[in-house]
Number of protein chains: 2
Amino acid sequence: MARPRNPLLSHERIVGAALGLVDGEGLDALSTRRLAAELGVSGPSLYHHFATKDALLDAVVDAVVGEVRLDMLGRDPWPDALRAWARSYRAALAAHPNLVPVLAHGPGRRPNALRLADAVFGALVDAGWPTGDATRIGALMRYLVFGSALGSFAGGFVDDEGLYAEQYPHLGQAHLLADRQRAVDEGAFELGLDSILLGLEARYARLGEQAAAATSSNRYSARS
Amino acid sequence: MARPRNPLLSHERIVGAALGLVDGEGLDALSTRRLAAELGVSGPSLYHHFATKDALLDAVVDAVVGEVRLDMLGRDPWPDALRAWARSYRAALAAHPNLVPVLAHGPGRRPNALRLADAVFGALVDAGWPTGDATRIGALMRYLVFGSALGSFAGGFVDDEGLYAEQYPHLGQAHLLADRQRAVDEGAFELGLDSILLGLEARYARLGEQAAAATSSNRYSARS
DNA sequence: ACCTGAACACCGTTCAAGT
DNA sequence: ACCTGAACACCGTTCAAGT
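The structure displayed is predicted, hence computed values, not measured ones.

## Thoughts on the confidence of the model for chain A
All names here are of chain A.
Turning to step 1, where the next piece is worked out: Averaged over all residues, the pLDDT of chain A is 90; the fraction at 70 or higher stands at 92%.
Turning to step 2, where the next piece is worked out: At the low end of the mean pLDDT range in chain A sits helix H8 (residues 152–155), at 60; at the high end sits helix H2 (residues 32–38), at 98.
Turning to step 3, where the next piece is worked out: Below pLDDT 50 for its whole length, residues 219–224 participates in zero contacts with residues either more than four positions away or in separate chains.

Below, the structure written as structure tokens:
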């Protein structure tokens, strides 16, 4: 065959097929040879479009991150914005649970991941959060979103009644969890979101009081 | 050589060498051949002690989970217990960050992981939490512990000043994060712990009020 | 029972060759 | 520029052979 007149492959077609493979058959099914077969080409062809398999995976991951809504950041009040953003983030990842372990490795040089990090950090700082707090809040939201999107907690229990009942007195119902995985992870996510926002709003109020106190003491010392 | 009088390998020796390899050179360095070489044997020898590489990894993971303290659960008041347990859990995982992605796949059939899940669930239920809440709280704590132990957030930013400054207005300092990775993850963990416990205590207080209200309305209806 | 070398079916990646 | 088949150095795992 050799070089065809119209290229057989494109960035988008490869990323789409790779995502389909990971969603359908898991991360292990994504080998260069398997993916190439899916695309009707030979294995090494992929290396004309991506330098390494890792670069390909980065592109797949960044396509998913690109689905996260960022428009509420810097527009709505920060607690509302953070809540809506986290839900959109979680929804984008939960649609591709097999990909989450790869996502967990940080933004690296992926453009959409960097745009996301920039938007949330910027919105928090603009709302008056100190930069140190803004960094920690961004990290904390990541923990919540990734953990609940992994589907790991409930899915990690084996569907085998005998295993739990004998030895672990409180886990008698644990084998049922596999079915309820999605509901448990969503419930834990919403519980975490409520708690974290409650805690952050209390902290934010204290920030405001401290700033007011600092201002009045400045006035006072300026006067004396 | 063939079979020696004293076995060359043991469960413990294999697990120890595997953990050392993962800690020192990352998860990818753990291949059956590489591990065998480290132990002075040939690759297939490992299959006389573990059925598959996954079973070996499970044993490594469970050894780490076995380091988590559980003694405070069911003994101290639940908010104190939850806080101390989460810190011990995080410390155990943070000592082996390369292993955390494997841990994230749920308890499966690992005895120490099941013992841990049983202990925290039981302590919460005994403290008066409904089982549904206890499940969600356990999952939520896992998100927090795993996320912060991965060291993924800050470590995921590349140490390359030019990359951020040009395109992402709020990330001008992001290349410094690699150095501060541990501090950021610990700060985000503690922030999350404070917020979540604050939120849970408020929720717990409401539970108590509802129970009291239900009791008094029962008395009332019994009277009429 | 426990370790060996040979072998199987896979990997990611490189490269000279084809158009 | 884009695709190919052949090849390299790796995998996890199986198995007959040795003591």
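## What about the domain arrangement of chain A?
Residues and elements named next belong to chain A.
Turning to step 1, where the next piece is worked out: Split by domain assignment, chain A resolves into domain 1 (11–63) and domain 2 (68–223).
Turning to step 2, where the next piece is worked out: Here domain 1 meets domain 2 over a buried area of about 950 Å², counting both sides, of which 63% is carbon and sulfur.
Turning to step 3, where the next piece is worked out: The interface formed by domain 1 and domain 2 contains one salt bridge.
Turning to step 4, where the next piece is worked out: Arg110 serves as the salt-bridge partner of Asp58, at 3.6 Å between the closest nitrogen and oxygen.

## Points about the relation of the copies chain B and chain A
Two copies of one chain are present, and they are related through a rotation about an axis combined with an axial shift.
Turning to step 1, where the next piece is worked out: Once turned by 180 degrees and shifted 0.0 Å along the axis, chain B lies on chain A with an RMSD of 0.0 Å. In the structure described here, the two chain copies are related by an operation that fits a two-fold rotation axis.
Turning to step 2, where the next piece is worked out: Both copies share a contact surface, since 100% of the interface residues of chain B are interface residues in chain A too.

## Structural notes on the packing of helix H1 (residues 11–25) of chain B against helix H3 (residues 53–65) of chain B
Residues and elements named next belong to chain B.
Turning to step 1, where the next piece is worked out: Interaxial distance between H1 and H3 falls to 9 Å at its minimum, and their mutual angle equals 80 degrees. The orientation of H1 with respect to H3, classified from their angle, is roughly perpendicular. In this structure, H1 contributes His11, Ile14, Val15, Ala18 and Leu19 to the contact, and H3 contributes Leu56, Ala59, Val60, Ala63 and Val64.
Turning to step 2, where the next piece is worked out: For the contact of H1 with H3, the class distribution of residues is nine nonpolar, one polar and no charged.

## A look at the UniProt feature "DNA-binding region" (unreviewed entry) in chain A
Turning to step 1, where the next piece is worked out: As recorded in UniProt, the feature "DNA-binding region" (unreviewed entry) lies at residues 31–50 of chain A.
Turning to step 2, where the next piece is worked out: Annotated as 35% helix and 0% strand, the span residues 31–50 of chain A places its first and last C-alpha atoms 14 Å apart.

## Digging into the interface of chain B and chain A
Turning to step 1, where the next piece is worked out: Taken together, the 53 residues of chain B in the interface contact 53 residues of chain A.
Turning to step 2, where the next piece is worked out: Taken together, both faces of the contact between chain B and chain A bury some 4,400 Å²; the carbon and sulfur share is 72%.
Turning to step 3, where the next piece is worked out: Linking chain B with chain A are two salt bridges.
Turning to step 4, where the next piece is worked out: Between Asp160 of chain A and Arg109 of chain B there is a salt bridge; the shortest N-O distance is 2.5 Å.
Turning to step 5, where the next piece is worked out: By residue class, the composition of the side of chain B that touches chain A is 29 nonpolar, 15 polar and nine charged.

What counts, and at which threshold
- Residues numbered from 1 in each chain as written.
- Chains lettered and ligands numbered in written order.
- Predicted model: local features only at pLDDT ≥ 70, side-chain atom pairs only at ≥ 80, totals over all residues.
- Heavy atoms only, no water.
- pLDDT = per-residue confidence, 0-100.
- Helix = DSSP H or I, 4+ residues; strand = E, 2+ residues; numbered from the N terminus.
- Contact = heavy atoms within 4.5 Å.
- Domains from an automatic or database assignment.
- Buried area = accessible area lost by both parts, 1.4 Å probe.
- Salt bridge = Lys/Arg side-chain N within 4 Å of Asp/Glu carboxyl O.
- Least-squares fit on C-alpha atoms with pLDDT ≥ 70 in both.
- Axes fitted to C-alpha atoms, helices over the stretch in contact; angles between N-to-C directions.
- Parallel < 35°, antiparallel > 145°, perpendicular 65-115°, else oblique.
- Nonpolar A, V, L, I, M, F, W, Y, C, P; charged D, E, K, R; others polar.
- UniProt positions renumbered as here; feature names shortened; annotations may be inferred.

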